[in-house]
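Commentary on secondary and tertiary structure
Listed below are the residues making up each chain.
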Amino acid sequence: LAIGLSVPLGFTITTECCAKFCDEWGGDIPDDVWKDVVSSLRSIEDATGCKFGDAANPLLLSVRSGAAISMPGMMDTVLNLGLNLGICKGLA
C-alpha cells in the first residue's frame with residue numbers, strides 16, 4: 001500500500017548469513033556472498049548516482065542490525081558508513 005512515505009534503497013544480509021560468518025566460515029566471507037553484497041551496492045549506486053568511496057559524490061550508508069527475535073534496545077545502528085577523512089574533505 002503506497003502512503004507517500006519515502007523508503008530508502010537497501011539490501012539485507014540475513015541472520016543466517018551472520019551466523020554462518022561467525023560459526024561455519026571462520027570470520028571469512030565466501031566469494032559468492034561477497035559478490036552479492038557488491039552487486040547490491042552497485043545497484044544502489046546506479047539508482048542514486050552516488051558512489052561508495054567517491055569524495056565528490058559519496059554514497060553513505062546506514063546499517064541496521066536485526067535479530068531472529070525481538071531485542072528492544074540491544075541492536076546497534078551504524079550511520080554514515082563510508083564517511084572518512086577524504087570524503088569529509090570532499091564535502092567541505
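Everything below is about the structure printed above this text.
Quick caveat, the model's predicted, so the values are computed rather than measured. (Residues numbered from 1 in each chain as written. Predicted model: local features only at pLDDT ≥ 70, side-chain atom pairs only at ≥ 80, totals over all residues. Heavy atoms only, no water.)

**Here we look at the environment of Thr48**
You can see Thr48 is positioned in helix H2 (residues 31–48). Exposure remark for Thr48: the relative accessible area of 39% places this residue in the partly exposed category. Separated by eleven residues in the primary sequence, Thr48 and Leu59 place their C-alpha atoms 8.2 Å from one another. If we ignore the near neighbours within four places in the chain, the residues touching Thr48 are Leu9 and Leu59. (Helix = DSSP H or I, 4+ residues; strand = E, 2+ residues; numbered from the N terminus. Buried < 20%, exposed > 50% of the residue type's maximum accessible area, 1.4 Å probe, protein only. Contact = heavy atoms within 4.5 Å.)

**So, H2**
The end-to-end C-alpha distance of H2, which contains 18 residues, comes to 26 Å, matching closely the 26 Å that a straight helix rising 1.5 Å per residue would cover. For H2, the full list of buried residues reads Val33, Val37, Leu41, Ile44 and Glu45. Projected onto a plane normal to the axis of H2, the buried residues spread over an arc of 120 degrees and lie on a single side. In H2, the exposed positions angled more than 90 degrees off the buried face are occupied by Asp31, Asp32, Lys35, Asp36, Asp46 and Ala47. At the exit of H2 stands Gly49, carrying a positive phi of roughly 80 degrees. (Expected span 1.5 Å × (residues − 1). Arc of directions from axis to C-beta.)

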